[in-house]
Amino acid sequence: MAKFATIILAVLYGLAMYRFSAWRMGRQLDRNSTELADPALKLLVGRMAETLDLPAVRVQIFEIEQINGLAAPDGRIFITRGFIRKYRAGEVSSDELASVIAHELGHVALGHSRRRMIVFTGQNAFRTALILALGRFLPFPPVLRWLSGHLVNLLTSLFTAKLSRNDEFEADAYAAALLVKAGIGTEPQTSLLRKLDSLSQAGSQTSPAWFLSHPSANRRIQAIEKLAGRWDEGRGRG
Ligand SMILES: [Zn+2]
């Protein structure tokens, strides 16, 4: 009974932690962001909104130097100042930035943020339950207890990494479909993935966050091209 209560507590703790970090992130975004004002980008965002039957899609610039795009837990979309700088310098095209916005729209539309909350909470409860179960069967000396804690952490983080990679492929597929329907096409999506690596190297300190938190660019390009190929075929037949 006490163990059950411990697991319930772990679930509640996980939920509270997630809520708190989402709130803190939202506040940080509020304080450090401005409305996207670039006419060419706004035009493309408007075209995507129209395709989605939405009155508007709100995109903001997050004032940090990293090259990143993100979907906040509250559903807002942000492009970092670092990314906008690359655009202004002509290293990234407006279509390519639109593909990042489409990808983040995918995360929002597919409910990835909420799923992350569930996974985060579940992960916490699972970890607690496993440690409790292990402790019951083996009266662990502290060193083994410490080791098993790390093993459980490793297992849960591998599981989460797998889930978040799946989210990325799903968001890419959503973006590909949206970009095709909006008349932008998947070409900017794959061309951006091809150059992301060198973009971040050129800026030395600007770490390629968008790139690192995602599966390998090559695998993403392959998946997008496979989809685009299938759609082309379908159109040929129809
Ligand atoms: Zn993503």
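Asker: Could you clarify how one ought to interpret the overall build of the protein in this entry?
Answerer: When you go through the protein residue by residue, the secondary structure sums to nine helices and four strands. Listed N to C, the secondary structure of the protein is α-β-α-β-β-β-α-α-α-α-α-α-α in terms of helices and strands. Residues classed as buried in the protein amount to 28% of the 238 residues present. At a minimum sequence separation of 6, the contacts of the protein that also span at least 24 residues come to 68%.

Asker: How should the sheet that holds strand β2 (residues 59-62) be read in this particular structure?
Answerer: The strands that make up a sheet pair up through hydrogen bonds in the backbone, lying either parallel or antiparallel. An order of β1-β2-β4-β3 is seen for the four strands of this open sheet, with the pairing classed as mixed. A single partner strand is all that each edge strand has here, and the edge strands are β1 (33-35) and β3 (69-71). Direction aside, neighbouring strands of the sheet carry axes that sit 30° apart on average. Looking at chain direction, β3 and strand β4 (residues 77-80) are connected through three bridges and run antiparallel. For L70, the partnering residue across the bridge sits in β4 and is F78. In the packing of helix α3 (residues 81-88) onto the sheet, contacts are made with β2, β3 and β4, and the angle to β4 comes to roughly 60°.

Asker: Explanation requested: the nonpolar core in the structure shown.
Answerer: One broad rule of soluble globular proteins: the nonpolar side chains tend to lie buried together. Among the nonpolar cores identified, the biggest contains 35 residues, and V45, I79, L97, A98, I101 and A102 are the most heavily contacted of them. Secondary structure elements with two or more residues in this core: α2 (39-51), β2, β3, β4, α4 (94-109), α6 (142-181) and α7 (187-202). Looking at this core element by element, the count peaks at seven residues for α4. What A102 contacts, discounting residues up to four positions off in sequence, is M48, A175, L178 and L179.

Asker: What's the story with the pairing of β4 in this structure? I'm lost.
Answerer: Regular strands place their side chains on alternate faces of the sheet. Neither face of β4 is exposed, since I77 and I79 on one face and F78 and T80 on the opposite face are all buried. In this sheet, β4 lies alongside β2 in parallel orientation, the contact comprising four bridges. Bridging from a neighbouring strand, F62 pairs with T80 of β4. Linking β3 back to β4 in an antiparallel pair, the connection comprises five residues, with G75 at a positive phi of about 95°.

Asker: What exactly am I supposed to notice about the pairing of β2 here?
Answerer: Across three bridges, the pairing between β1 and β2 is antiparallel. Following the sheet pairing, S33 is matched in β2 by F62.

Asker: Would you explain the packing of α4 against α6 in this entry?
Answerer: Any two packed helices are characterised by how steeply their axes cross, that is the angle between the axes, and by the distance between the axes. Between α4 and α6, the least distance of the axes is 8 Å, while the angle of their chain directions is 120°. Judged by the inter-axis angle, α4 sits oblique to α6. The handedness of the crossing between α4 and α6 is right-handed. Judged by residue contacts, S99, A102, H103, L105, G106, H107 and A109 of α4 engage D167, E170, A171, D172, Y174, A175, L178 and L179 from α6. For the contact of α4 with α6, a count of residues per class yields eight nonpolar, four polar and three charged.

Asker: Could you clarify how one ought to interpret the confidence of the model for the protein in this entry?
Answerer: Caution applies to low-pLDDT regions: their predicted coordinates should not be interpreted in detail. In the predicted model, the protein carries a mean pLDDT of 84, and 89% of its residues have values of at least 70. Of all secondary-structure elements in the protein, the lowest mean pLDDT belongs to helix α8 (residues 209-212), at 48, while α2 reaches the highest, 97. For the stretch residues 203-211, pLDDT sits under 50, and the model shows 22 contacts to residues farther than four places along the chain or on other chains.

Asker: Before we go on, may I ask you to explain the packing of α2 against α4 in this structure?
Answerer: At a closest axis distance of 10 Å, the pairing of α2 and α4 adopts a crossing angle of 45°. Accordingly, the angle class assigned to the pair α2 and α4 is oblique. Of the two elements, α2 crosses α4, and the hand of that crossing is right-handed. Touching A40, L41, L44, V45 and M48 of α2 are S94, D95, L97, A98, I101 and A102, all from α4. In terms of residue class, the contact of α2 with α4 is built from nine nonpolar, one polar and one charged.

Asker: Explanation requested: the environment of A16 in the structure shown.
Answerer: Inspection of the secondary structure puts A16 in helix α1 (residues 2-31). Spatially, the C-alpha atom of A16 lies 9.0 Å from that of T121, the residues being 105 residues apart in sequence.

Here is what the cut-offs are and how they apply
- Residues numbered from 1 in each chain as written.
- Predicted model: local features only at pLDDT ≥ 70, side-chain atom pairs only at ≥ 80, totals over all residues.
- Helix = DSSP H or I, 4+ residues; strand = E, 2+ residues; numbered from the N terminus.
- Buried ≥ 20, exposed ≤ 12 C-beta atoms within 10 Å, placed from the backbone.
- Contact = placed C-beta atoms within 7 Å.
- Pairing = 2+ DSSP bridges.
- Axes fitted to C-alpha atoms, helices over the stretch in contact; angles between N-to-C directions.
- Core = buried A, V, L, I, M, F, W, Y, C linked by C-beta atoms within 7 Å.
- Parallel < 35°, antiparallel > 145°, perpendicular 65-115°, else oblique.
- Left-handed = near helix turned anticlockwise from the far one by under 90°.
- Nonpolar A, V, L, I, M, F, W, Y, C, P; charged D, E, K, R; others polar.
- pLDDT = per-residue confidence, 0-100.

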